[in-house]
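A structural walkthrough
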Amino acid sequence: MKLQRKSGLRTLAVGSAVVCGALILTACGSNGNSPSGRSPTAASPATTGAGDVKCGKAATVSASGSTAQEFAMQFWIKNYMRACPGTRISYEGNGSGAGQADFLKGRTAFAGSDSALSAAQVTQSGSVCSNDGRAVHLPMLGGPIALAYNLPGVSKLVLDAPTLAKVFDSQITKWDDPAIAKLNPGTELPSTPIQASHRSDSSGTTDNFTSYLSAAAPSAWPYGHSKEWMAQGGQSAEGSSGLVEQVKKTVGAIGYVELSYAIARDIPTVAIATGAPAPVDASVLTASKAIADSKVADDDDDLVLKLDYATKAPGAYPIAMVTYEIVCDKGNKPATWSATKAFLTYIASTEGQEDLSFQGYATLPASIVDKVRSKINNLS
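One structure accompanies this document, and this report is about it. (Residues numbered from 1 in each chain as written. Predicted model: local features only at pLDDT ≥ 70, side-chain atom pairs only at ≥ 80, totals over all residues. Heavy atoms only, no water.)

A few points about the side chain of serine 125
Mapped onto the fold, serine 125 is located in the loop between helix H5 (119–124) and strand S6 (135–149). Its relative accessible area of 0% is what places serine 125 among the buried residues. A distance of 2.4 Å separates a polar atom in the side chain of serine 125 from the backbone oxygen of valine 122. Those residues within four positions of serine 125 in sequence are excluded, and the remaining contacts are Leu104, Arg134 and Ala135. (Helix = DSSP H or I, 4+ residues; strand = E, 2+ residues; numbered from the N terminus. Buried < 20%, exposed > 50% of the residue type's maximum accessible area, 1.4 Å probe, protein only. Polar contact = N/O pair within 3.5 Å; in protein donor to acceptor, adjacent residues only side chain to side chain. Contact = heavy atoms within 4.5 Å.)

Next comes the structure, spelled out in structure tokens:
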């Protein structure tokens, strides 16, 4: 994303609470530095680097996974490697499913994922976590999943869960369908065919979007939730970038992507009718409000969060997601663990989290972030 896009993004409506899209990391700060002008900080008992970052033992650390956090990772890595030049960290945004597979095969030090490992995968992680360790989840950031659409002449569009379920299951096929018209009184809807677009790769974004459909419209969405797309029909594209480009170029298209991708491509997004007094737009603030009610799912010394996708709270955007960093609770690779732990400590620090709220990501509850920091301190 080019620097001249910054001014355009800053003119977004105040209600969106997006000062800068996550794609324009260098535009949000000075040459990619913290927007506040401060050096990132962390609290790890390791070698001190530039500023207040505590650097682990120099190493080459590889990670992969979620495309939703790819731009946050670029930002974090740039700051960390500037402070700790002896360490090289690489992150490949190849999708949550691929990131999980890479980690479980021992290819990476940690995985980024927008959905949790299954119980079977946690058991499988024992093969890469030594000393009887297993994979655990560190929720690191959140954000809204937006429904981006391409419908010339329609600048505002409202949909609800049952209607979205039928659109993405090819049961509603025209934009002037009575179900859509009922939600948009006074809007002149064209008879354009709907081109519903979904991810072709294994995706945590898909898992969260289908979790919303199955929770908020169970009678209209019979497929449950999965990282793999289960419904019939529609178009497909790989990765969030591929999907948003498909929507951008296809009249009549609608697709689910992280909000920053829609902002960066100047694509309008759907407001969701949840049963609250007014439809809710996708924004950092509205997603943060929904995520604020999340709870740790189980008392098993892990930090997988349970989101209320069927929320009807005023101003809470229901299609939100949390991205995790997945590591071993013990038995991480000795050669890279010192650097990996120092990096995770930095990104969970107050500075790392504050910087990300400025980049267009939703804020996690303080109580959850405190648990993440404590958890990282106890990993080995």
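On we go.
A short note on the nonpolar core
Counting 108 residues, the largest nonpolar core has Trp76, Leu147, Phe168, Ile254 and Phe343 as its most contacted members. Top contributing element to this core by residue count: S6, with ten residues. (Core = buried A, V, L, I, M, F, W, Y, C linked by side-chain atoms within 4.5 Å.)

Comments concerning the pattern of salt bridges
Where side chains of opposite charge bring their charged atoms close, a pairing between them can arise. In total, this model carries six salt bridges according to the counting rule given. Between arginine 107 and aspartate 102 there is a salt bridge; the shortest N-O distance is 3.1 Å. The partner of aspartate 201 in a salt bridge is arginine 199, and the shortest N-O contact between them spans 2.8 Å. Of the two residues, aspartate 201 and arginine 199, neither departs from the other in class, the shared state being buried. (Salt bridge = Lys/Arg side-chain N within 4 Å of Asp/Glu carboxyl O.)

Some thoughts on the state of the cysteines
Considering all chains together, one arrives at two disulfides under this definition. One disulfide bridge connects cysteine 55 with cysteine 84, the sulfur atoms lying 1.9 Å from each other. Across the S-S bond linking cysteine 55 and cysteine 84, the dihedral sits near -80°, which makes this disulfide left-handed. With cysteine 55 in strand S2 (residues 54–55) and cysteine 84 in the loop between helix H3 (70–83) and strand S4 (88–92), this residue pair connects regions lying 29 residues apart in the sequence. When its relative accessible area of 7% is taken as the criterion, cysteine 55 is described as buried. When its relative accessible area of 4% is taken as the criterion, cysteine 84 is described as buried. Of note for the protein chain: the bonded cysteines, numbered N- to C-terminal, pair according to 1-2, 3-4. (Disulfide = S-S within 2.5 Å.)

Geometric values such as these leave the question of function open.
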